[in-house]
Amino acid sequence: MSELYPTYYLYLSAFLFGAGIFIVISKRNVIFVLVGIELILNSANLLLATFSKADLNGQTFAIFSIVLTVCEVAIALAILLNVYKTHRSSNLDELNELSNE
Amino acid sequence: MIQFIQIVFFLLTLIGVGVIVSTKNVIHSVYALALVLVSLAGIYVLLNAELLAIVQILLYAGGVVILLVFGVMMTRRGSGETLISESKNSILALIISLAIFLLLVYLFSNAEVEAVNISSIDQVKEIGVSFLTDHIVAFELIAFVLLVALVGAAYLAKMSSNE
């Protein structure tokens, strides 16, 4: 039974992080930026799972991080709903005022 | 055989990330994110982290993706219109992300990771016990944070629909 080198998981994590950074910087839609943040957090979780071998602390931390991500997305989408109500847009470049009055 | 499965999950993850990076359609990116999350759950199983894989599918693929799809549906201008996202600063973003990627690859190339050894301990039981003994403060805190975040999100969403 031949396995891939474990370092390949680390390279995959680095790739996810780089792709997440690219999406956060270049895309202009709020939901796209949230997707990029998800990728970054998943790269961290993949690292935690890779290095969690004998004890299960890595898995425990990754579960905590997943729960925090769910909180973050719920709050972010609730804020997005409010922002969309005042600005009628989810494009980050058009959201340059605190209120529309 | 296990190497074949690993390559399949790696390729699925790479394809999903490629779709997210290249597409302009926001809903396509959310579905590609679902593909990435599920294939990452498969990778967690290969890494001998079964509970993490289950939590990943339940919370990420089941919760976060549904929330994002709702977000896309709520913020469309008209019904039937697809939500298109522009790209800006693509070259700058490519340079920065490539630099970070290469730096991480350079750092990771010196890392020493043991190969996965399948353990026979009951992971769910072990993690459950550690939640209530070693990590009890973090566990209670995160329960409180989750409660406050969900109540706050419901309040904010209600505020936007009332006015």
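Residues numbered from 1 in each chain as written. Chains lettered and ligands numbered in written order. Predicted model: local features only at pLDDT ≥ 70, side-chain atom pairs only at ≥ 80, totals over all residues. Heavy atoms only, no water.

**Q** Any chance you could break down the overall build of chain A for me, citing the residues and the numbers?
**A** Helices and strands together make up the secondary structure of chain A, namely three helices and zero strands. Relative to a compact globule of 101 residues, whose C-alpha radius of gyration would be 13 Å, chain A shows 18 Å and is clearly more extended. In chain A, buried positions account for 59% of the 101 residues. Within chain A, residue pairs in contact and separated by at least 24 positions form 51% of the contacts whose partners lie at least 6 positions apart. Carbon together with sulfur atoms contributes 65% to the accessible area of chain A, which is approximately 4,000 Å² in total. (Helix = DSSP H or I, 4+ residues; strand = E, 2+ residues; numbered from the N terminus. Rg over C-alpha atoms; globule rule 2.2 N^0.38 Å. Buried < 20%, exposed > 50% of the residue type's maximum accessible area, 1.4 Å probe, protein only. Contact = heavy atoms within 4.5 Å. Areas by Shrake-Rupley, 256 points an atom, 1.4 Å probe, with all protein chains shown as cover.)

**Q** Hey, could you go over the packing of helix α3 (residues 57-87) of chain A against helix α5 (residues 123-132) of chain B for me, with residue numbers and the actual values?
**A** The relative placement of two packed helices comes down to the angle between their axes together with the axis-to-axis distance. One can describe the packing of α3 of chain A onto α5 of chain B by two numbers: an axis separation of 10 Å at closest approach and a directional angle of 70 degrees. Considering their axes alone, α3 of chain A and α5 of chain B lie roughly perpendicular with respect to each other. α3 of chain A and α5 of chain B meet at a crossing whose hand is right-handed. When α3 of chain A is examined against α5 of chain B, the residues Gln59, Thr60, Ile63 and Phe64 of chain A are found in contact with a partner set consisting of Gln123, Ile127, Ser130 and Phe131 of chain B. (Axes fitted to C-alpha atoms, helices over the stretch in contact; angles between N-to-C directions. Parallel < 35°, antiparallel > 145°, perpendicular 65-115°, else oblique. Left-handed = near helix turned anticlockwise from the far one by under 90°.)

**Q** Describe the interface of chain B and chain A, and please don't skip the residues or the numbers.
**A** On the side of chain A, 71 residues touch chain B, which itself brings 86 residues to the contact. Interface area for chain B against chain A, summed over the two sides, is near 7,200 Å², with a carbon-plus-sulfur share of 76%. Together, Tyr60, Phe108 and Val113 of chain B form the three largest contributors to the area buried by chain B at its contact with chain A, with a combined 9%. In this structure, the connection of chain B to chain A is made through zero salt bridges. Linking chain B to chain A there are 11 residue pairs in polar contact (both at pLDDT 80 or more). (Buried area = accessible area lost by both parts, 1.4 Å probe. Salt bridge = Lys/Arg side-chain N within 4 Å of Asp/Glu carboxyl O. Polar contact = N/O pair within 3.5 Å; in protein donor to acceptor, adjacent residues only side chain to side chain.)

**Q** Please set out the domain arrangement of chain B residue by residue, giving values where relevant.
**A** Segmenting chain B into domains produces domain 1 (1-78) and domain 2 (120-163). Each of domain 1 of chain B and domain 2 of chain B was reduced to a C-alpha centroid, and the two centroids are 22 Å apart. (Domains from an automatic or database assignment.)

**Q** Could you give an account of the side chain of serine 26 of chain A, with specific residues and numbers?
**A** Inspection of the secondary structure puts serine 26 of chain A in helix α1 (residues 7-26). The class of serine 26 of chain A is buried, set by a relative accessible area of 1%.

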